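The lines below spell out each chain.
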Amino acid sequence: MTSTLRPADPTEAVQRPGRWLALSVLVLAVLLVAVDATVLGLATPYISEDLNPTGTQLLWIGDVYSFVIAGLLVSMGSLGDRIGRKKILLVGATAFGAISVLNAYATTPELMILARALLGVAGATLMPATLALIRNLFHDPRERSLAVGIWGATASAGTAVGPIVGGFLLEHFWWGSVFLINLPVMAVLVLVGIRMLPESRNPNPGPWDLAGVLLSLVGMVGVVYAVKEAAAHGPAWDSLAVGLLGAAALYGFVRRQLTLPAPLLDMRLFRNRGFSGAVLADLLTILGLSGLVFFLSQYLQLVQGRGPFEAGLAELPAAVGAVAAGLIAGRTARRWSVRAVVSGGLAAVGLALAALTVLDQSTGYPLLGAALLVVGIGAGFSFTVTADVILSSVPKEQAGAASAVSETAYELGAALGIAVLGSIVTGVYRDFTGPAGTPDAAHESLGGAVEAAAGMPAESAQSMLDAARQSFVDGLALAAGAGATVLLLASVAAWFMLRHQKLESRP
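The structure displayed is predicted, hence computed values, not measured ones. (Residues numbered from 1 in each chain as written. Predicted model: local features only at pLDDT ≥ 70, side-chain atom pairs only at ≥ 80, totals over all residues. Heavy atoms only, no water.)

**Details of the overall build of the protein chain**
Alright, step 1. Broken down by element type, the protein chain carries 17 helices and zero strands.
Alright, step 2. Taken over the C-alpha trace, the protein chain has a radius of gyration of 22 Å; the compact-globule value for 507 residues is 23 Å, and the two agree within 12%.
Alright, step 3. Taking the principal axes of the C-alpha coordinates as reference, the protein chain spans close to 75 × 45 × 45 Å.
Alright, step 4. For the protein chain, the computed accessible surface area is about 20,200 Å², with 67% contributed by carbon and sulfur atoms.
Alright, step 5. For the protein chain, the separation between the mean place of its 30 positive charges and that of its 32 negative charges on side chains is 19 Å. (Helix = DSSP H or I, 4+ residues; strand = E, 2+ residues; numbered from the N terminus. Rg over C-alpha atoms; globule rule 2.2 N^0.38 Å. Areas by Shrake-Rupley, 256 points an atom, 1.4 Å probe, with all protein chains shown as cover. Lys, Arg positive; Asp, Glu negative; His and termini not counted. Charge placed at Lys NZ, Arg CZ, Asp CG, Glu CD.)

**A few points about helix H16 (residues 446-453)**
Alright, step 1. Listed as buried for H16 are Leu-446, Gly-448, Ala-449, Ala-452 and Ala-453. For H16, the angular spread of the buried residues around the axis is 155°, confining them to a single face. (Buried < 20%, exposed > 50% of the residue type's maximum accessible area, 1.4 Å probe, protein only. Arc of directions from axis to C-beta.)

**Regarding the side chain of Thr-130**
Alright, step 1. Within the element layout of this structure, Thr-130 appears in helix H4 (residues 109-137).
Alright, step 2. Setting aside residues up to four positions removed in sequence, Thr-130 forms contacts with Leu-26, Ala-29, Val-30, Leu-89 and Trp-151. (Contact = heavy atoms within 4.5 Å.)

**A word on the pattern of salt bridges**
Alright, step 1. Under the definition given, this model contains one salt bridge.
Alright, step 2. A salt bridge links Glu-310 to Arg-306; its shortest N-O distance comes to 3.2 Å. (Salt bridge = Lys/Arg side-chain N within 4 Å of Asp/Glu carboxyl O.)

**Some words on the side chain of Arg-334**
Alright, step 1. Within the fold, Arg-334 resides in helix H12 (residues 316-335).
Alright, step 2. One buried charged side chain, Arg-334, makes no salt bridge at all; its nearest oppositely charged neighbour is Asp-388, positioned 4.6 Å away.
Alright, step 3. Of the polar contacts made by the side chain of Arg-334, one reaches the side chain of Ser-145; its length is 2.9 Å. (Polar contact = N/O pair within 3.5 Å; in protein donor to acceptor, adjacent residues only side chain to side chain.)

**A short note on the packing of aromatic side chains**
Alright, step 1. Throughout the structure, instances matching the rule amount to four aromatic pairs.
Alright, step 2. Residues Trp-175 and Phe-179 carry aromatic rings whose centres are separated by 6.3 Å and whose planes lie at 90° to one another, so their mutual orientation is edge-to-face. Here Trp-175 and Phe-179 have matching classes, each one buried.
Alright, step 3. Note on Phe-270 and Phe-275: the rings are 5.3 Å apart at their centroids and 80° apart in plane angle, and the pair reads as edge-to-face.
Alright, step 4. Note on Phe-270: relative accessible area 32%, which makes it partly exposed.
Alright, step 5. Relative accessible area serves as the criterion here: at 0%, Phe-275 is assigned to the buried category.
Alright, step 6. Here the guanidinium or amino end of Arg-335 rests over the ring plane of Trp-336, the centre of that ring lying 5.5 Å away.
Alright, step 7. In this arrangement the basic side chain of Arg-339 is found over the ring face of Trp-495, its NZ or CZ atom lying 3.7 Å from the centre. (Phe/Tyr/Trp six-rings, centres within 6.5 Å; stacked < 30°, edge-to-face > 60°. Lys NZ or Arg CZ within 6 Å of the ring centre and 35° of its normal.)

**Points about the environment of Gly-447**
Alright, step 1. Its place among the elements puts Gly-447 in helix H16.
Alright, step 2. Owing to a relative accessible area of 24%, Gly-447 belongs among the partly exposed residues under this scheme.
Alright, step 3. For the pair Gly-447 and Val-375, spaced 72 residues apart in the sequence, the C-alpha separation amounts to 26 Å.

**Observations concerning the nonpolar core**
Alright, step 1. Counting 76 residues, the largest nonpolar core has Tyr-299, Leu-353, Met-464 and Phe-472 as its most contacted members.
Alright, step 2. The contacts of Phe-472, once residues within four sequence positions are left out, are Phe-295, Gln-298, Tyr-299, Val-303, Val-425, Tyr-429 and Leu-446.
Alright, step 3. Counting residues in hydrophobic clusters, the runner-up holds 60 residues, among them Val-27, Val-30, Val-33 and Ala-129. (Core = buried A, V, L, I, M, F, W, Y, C linked by side-chain atoms within 4.5 Å.)

**With respect to the environment of Ala-477**
Alright, step 1. Residue position: Ala-477 is located in helix H17 (residues 458-497).
Alright, step 2. When the C-alpha atoms of Ala-477 and Leu-356 are compared, they prove to be 6.3 Å apart, with 121 residues separating the residues in sequence.

**Side note on the packing of helix H3 (residues 85-104) against H4**
Alright, step 1. One way to put it is that H3 packs onto H4 with a least axis distance of 8 Å and a crossing angle of 155°. In terms of their interaxial angle, H3 and H4 are classed as roughly antiparallel. Like other packed secondary-structure pairs, H3 and H4 cross with a definite hand, here left-handed. (Axes fitted to C-alpha atoms, helices over the stretch in contact; angles between N-to-C directions. Parallel < 35°, antiparallel > 145°, perpendicular 65-115°, else oblique. Left-handed = near helix turned anticlockwise from the far one by under 90°.)

**Quick look at a nonpolar patch on the surface**
Alright, step 1. Together, Val-101, Tyr-105, Phe-168, Phe-173, Trp-174, Leu-183, Phe-309, Leu-313, Leu-316, Val-320, Leu-373 and Ile-377 line one region of the surface with nonpolar side chains, adding up to about 990 Å² of accessible area.
Alright, step 2. Relative to the helices and strands, Leu-183 is located in helix H7 (residues 182-196). (Patch = residues over 30% accessible without salt bridge, like charges linked within 9 Å, V, L, I, M, F, W, Y side chains within 5 Å.)

**Topic: the confidence of the model for the protein chain**
Alright, step 1. Per-residue confidence for the protein chain gives a mean pLDDT of 80; residues scoring 70 or more make up 91%.
Alright, step 2. Mean pLDDT values for the elements of the protein chain range from 75 in helix H15 (residues 399-430) up to 92 in helix H13 (residues 338-355).
Alright, step 3. pLDDT under 50 marks residues 1-14. Its contacts with residues more than four places away, or in other chains, come to 30 contacts. (pLDDT = per-residue confidence, 0-100.)

**With respect to the packing of H13 against helix H14 (residues 365-392)**
Two measures define how a pair of helices packs: the angle their axes make with one another and the distance between the axes.
Alright, step 1. Running from amino to carboxyl end, H13 crosses H14 at an angle of 155°, the nearest separation of the two axes being 8 Å. With respect to H14, the element H13 is oriented roughly antiparallel. Where H13 crosses over H14, the handedness of that crossing is left-handed. Together, Val-338, Val-341, Val-342, Gly-345, Leu-346, Ala-348, Val-349, Ala-352, Leu-353 and Ala-355 of H13 and Leu-367, Ala-371, Val-374, Val-375, Gly-378, Ala-379, Phe-381, Ser-382, Val-385, Thr-386 and Val-389 of H14 make up the contact between the two elements.
Alright, step 2. Grouping the amino acids of the contact of H13 with H14 by side-chain chemistry returns 17 nonpolar, four polar and no charged. (Nonpolar A, V, L, I, M, F, W, Y, C, P; charged D, E, K, R; others polar.)

**Examining the environment of Trp-151**
Alright, step 1. Tracing the sequence through the fold places Trp-151 in helix H5 (residues 141-172).
Alright, step 2. Accessibility expressed as a relative area gives 5% for Trp-151, which makes it buried.
Alright, step 3. Along the primary structure Trp-151 and Leu-269 are separated by 118 residues, whereas in three dimensions their C-alpha atoms are 23 Å apart.
Alright, step 4. With near-sequence residues (within four places) excluded, Trp-151 lies in contact with Val-27, Val-30, Met-127, Thr-130, Leu-131, Ile-134 and Glu-407.
Alright, step 5. One polar contact links Trp-151 to Thr-130, side chain to side chain, over a distance of 3.1 Å.

Okay, here's the thing in structure tokens:
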């Protein structure tokens with residue numbers, strides 16, 4: 001099936017004044033979400049020391065945000081299409097800032113879990129609304145491609161800025177400061193957004209399907225929870241039951257949406273091969289990358305001995321590459337082709353991951369930095385063009401729901417990546433052979449081994465750490481190889497699924 005894009009409405013040729021200033025407001029929201037997604041990992045040791053959560057509570061502190069955001073993205077994107085994307089963005093941004101204060105001053109593990117869950121509800125309103133507003137702000141396809149590139153580049157910059165800013169704050173202030181940095185950004189976003197952002201909505205939205213919202217939430221949370229539990233603790237009957245419940249709920253959600261005259265998500269969008277190919281490419285890319293990214297900061301800090309701030313700086317080339325590629329991705333796709341840019345970008349990421357299979361404890365930074373730069377360039381090209389394809393393939397009235405599908409692919413890909421590639425790292429790591437007296441906690445994680453070493457004789461501690469670090473690096477190299485395989489397969493799939501796909505050139 002040849003994918004053809006819907007011709008633009010002639011009235012869309014009129015360009016909205018102030019659209020670039022409005023875009024600057026939208027990227028503030030993107031920057032905030034990207035930074036917030038990275039700082040918690042750095043703050044977790046400090047939160048653990050201060051609040052004394054149990055192991056299960058600590059997992060929920062880390063995971064509940066992604067569970068909720070994955071479960072509500074489609075529903076919130078559809079709600080924005082109905083009540084207004086500007087309205088839901090500003091309400092969500094205000095809530096995000098207020099709940100960040102609750103996160104910063106949480107005094108018990110239970111309150112912290114609740115605060116992270118509420119932050120997930122607010123966060124689910126932001127990303128789909130920003131991309132949908134770009135679809136309605138920029139009617140010229142070339143301008144829209146550049147706007148999407150800036151949007152993606154900001155997200156990439158945020159993932160790099162997060163560890164750097166978070167590392168600096170944690171070295172100079174208490175852990176709550178990593179949440180309070182949200183407040184000034186949100187204040188600017190809301191105050192400027194009220195004046196500069198235009199309102200847009202679906203003029204004939206139909207009722208909001210609350211049963212569909214519940215099915216979507218139960219389905220996504222169930223599937224993501226089961227995947228993460230299987231990765232952390234291995235297959236178990238309880239996580240399998242939750243996963244099956246989630247899969248059944250998602251099946252019911254799809255069946256229900258196909259029968260409704262005004263669904264939360266028009267499932268017929270997936271008949272467009274370009275739309276489906278772009279969503280699949282995003283999911284597989286995040287799947288292949290997330291496991292490596294999840295463990296890379298541990299490699300830099302616990303294996304190579306870098307501090308949080310230095311580790312954040314070491315990961316900067318990926319963001320630099322993504323920003324540079326994102327800004328020229330649309331122009332490049334028009335010059336060559338959509339499938340060439342997306343497939344080429346994914347192949348580049350795959351080859352860079354393959355290069356990381358030679359990692360060892362003493363690998364010099366030039367190899368690591370070069371690989372991260374190529375990863376950033378490839379991902380920047382791919383993500384920017386697929387986002388443009390997704391937006392261009394749907395009527396502007398459904399931009400919020402379509403954007404939410406893209407974001408949901410990211411969340412599901414991240415969960416699957418950490419589960420699949422994380423289980424590889426964990427499985428290899430747990431088999432290391434330490435000296436006599438090595439505690440069981442040392443086999444649970446490399447962080448556990450570092451903590452256990454503090455209570456052992458110096459010679460035994462060093463011997464155990466050498467063995468643990470080598471085993472961790474072996475697992476990381478194997479996971480990089482698996483990620484490379486996923487990315488190269490995604491490149492081949494994108495080459496065929498995005499055949500004949502083009503970006504619009506004129507309004």
